[in-house]
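Chain and residue survey
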Amino acid sequence: LKQLNTFLDCIPNPYETVVVGHNVLSFDLRFLMQRYMVNNIKPHPIIARAAQAKPWDGKVFDTMTAWAGYGNRVSLDKLCRALNIKSSKAGGMDGSQVWDYFQAGRIDEIQDYCLDDIVATRQVHKRMTFQG
């Protein structure tokens, strides 16, 4: 978390930064805030601001909410298939397997899966915002 804060310090105009993710409002940001609290580390302003965001206020772009609507769900895999974008699940791993892979020492595979997830989410975001 301290390394994340240091990394985020390099971002210019933190109060204009939009956090993008798939289910980022309901999962990722909540999880990060809980970890900050458990470890008694003050969250970076970008994270703190995004964690308080509403789906409509422009601080966060949640691809799941943008596609399925507030309170509804669609998996990143299904959204990628609908938009003809390569899914991060194409390699055979999904988020439910991360703990098992971690326990087996398969860290490189977890890293590859997470990177594929980021790439897929970024491509979905670009398509949804007509950037490419």
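Preceding this paragraph is the structure being described.
What you see is a predicted model, and the numbers here were worked out from it, not measured in a lab. Residue positions within a chain follow its written sequence, with the count starting from 1. Only residues with pLDDT of at least 70 are given local features in this predicted model, and only at 80 or more are side-chain atom pairs given and counted; all residues enter the totals for whole chains, interfaces and linings. Excluding hydrogens and water, the side-chain values take into account all heavy atoms of the structure.

In this section: the layout of surface pockets. Think of a 1 Å grid over just the protein atoms. A cavity is a set of points where a 1.4 Å probe fits yet cannot get out, a pocket is an open set with protein on both sides within 12 Å along at least five of seven lines, and lining residues have an atom within 4 Å of a point. Grid points are joined across faces, edges and corners, and a volume is the space filled by probe spheres set on the points. Taken as a whole, the largest pocket spans an internal volume of roughly 1700 Å³. If you go around the largest pocket, you meet 37 residues; those closest to its centre are Gly21, Val24, Asp28, Asp117 and Ile118. Think of it as three bins: nonpolar holds Ala, Val, Leu, Ile, Met, Phe, Trp, Tyr, Cys and Pro, charged holds Asp, Glu, Lys and Arg, and polar takes everything else, Gly as well. Tallied by class, residues from the lining of the largest pocket come to 21 nonpolar, nine polar and seven charged. What the second largest pocket holds in volume is close to 270 Å³. Each helix corresponds to a stretch of at least 4 residues labelled H or I by DSSP, and each strand to a stretch of at least 2 residues labelled E; elements are numbered beginning at the N terminus. Examining the composition of the lining of the second largest pocket, we find that five residues originate from one element, helix H2 (residues 24-38), more than from any other. Partitioned by chemical class, the residues of the lining of the second largest pocket number eight nonpolar, five polar and four charged.

On the secondary structure map, Val60 appears in strand S2 (residues 60-62). Along the backbone, Val60 and Leu115 are 55 residues apart, and their C-alpha atoms lie at a distance of 20 Å.

Counted as salt bridges are all cases of a side-chain nitrogen of Lys or Arg within 4 Å of a carboxyl oxygen of Asp or Glu. Following the criterion strictly, the structure yields four salt bridges and no others. Between Asp57 and Lys59 there is a salt bridge, and its shortest N-O distance comes to 4.0 Å. Asp57 gets classed as partly exposed once you look at its relative accessible area, which sits at 30%. Burial classification: accessible surface area is computed with a 1.4 Å probe over protein chains only, and a residue below 20% of its type maximum counts as buried, one above 50% as exposed, and the rest as partly exposed. For Lys59, a relative accessible area of 26% gives the class partly exposed. Between Arg81 and Asp77 there is a salt bridge, with the nearest N and O atoms lying 3.0 Å from each other. In this pair, Arg81 and Asp77 are both assigned in helix H5 (residues 76-82), four residues apart and thus about one turn of the helix distant.

The next thing to look at is the side chain of His44. Looking at the secondary structure, you find His44 in the loop between H2 and helix H3 (45-51). Residue His44 is classed as buried on the basis of its relative accessible area of 5%. Within polar-contact distance, the side chain of His44 engages the backbone nitrogen of Ile46 at 3.1 Å. Ignoring sequence-local partners within four residues, the contact set of His44 consists of Asn5, Leu8, Asp9, Pro14 and Tyr36. Polar contacts here mean pairs of N or O atoms no more than 3.5 Å apart (in protein, one a potential hydrogen donor and the other a potential acceptor; neighbouring residues in sequence count only if both atoms are side-chain atoms). The criterion used for residue contact is that any of the two residues' heavy atoms lie within 4.5 Å.

Further remarks concern unusual backbone geometry. Of note in the backbone geometry, Asn13 takes a positive phi value of approximately 55 degrees without being a glycine. The residue Asn13 is located in the loop between helix H1 (2-8) and strand S1 (19-21) in this model. Even without being a glycine, Asn84 presents a positive backbone phi close to 60 degrees. Examined against the element boundaries, Asn84 turns out to sit in the loop between H5 and helix H6 (98-103).

Attention now goes to a nonpolar patch on the surface. Think of a patch as exposed residues, more than 30% relative accessible area, with no salt bridge, where like charges cluster within 9 Å and nonpolar side chains (Val, Leu, Ile, Met, Phe, Trp, Tyr) cluster within 5 Å. Computed by Shrake-Rupley with a 1.4 Å probe, the accessible areas treat only the displayed protein chains as cover when residues are assessed. Together, Trp99, Phe102 and Ile107 make up an exposed nonpolar region whose accessible area comes to about 340 Å². Ile107 sits in the partly exposed class, given a relative accessible area of 40%.

Structurally, Ser87 is set in the loop between H5 and H6. Engagement of the side chain of Ser87 in a polar contact is seen with the backbone nitrogen of Lys89, the distance being 3.0 Å. Setting aside anything within four residues of it in sequence, one finds Ser87 in contact with Asp77 and Cys80.

Interpretation in functional terms is not warranted from these geometric data alone.
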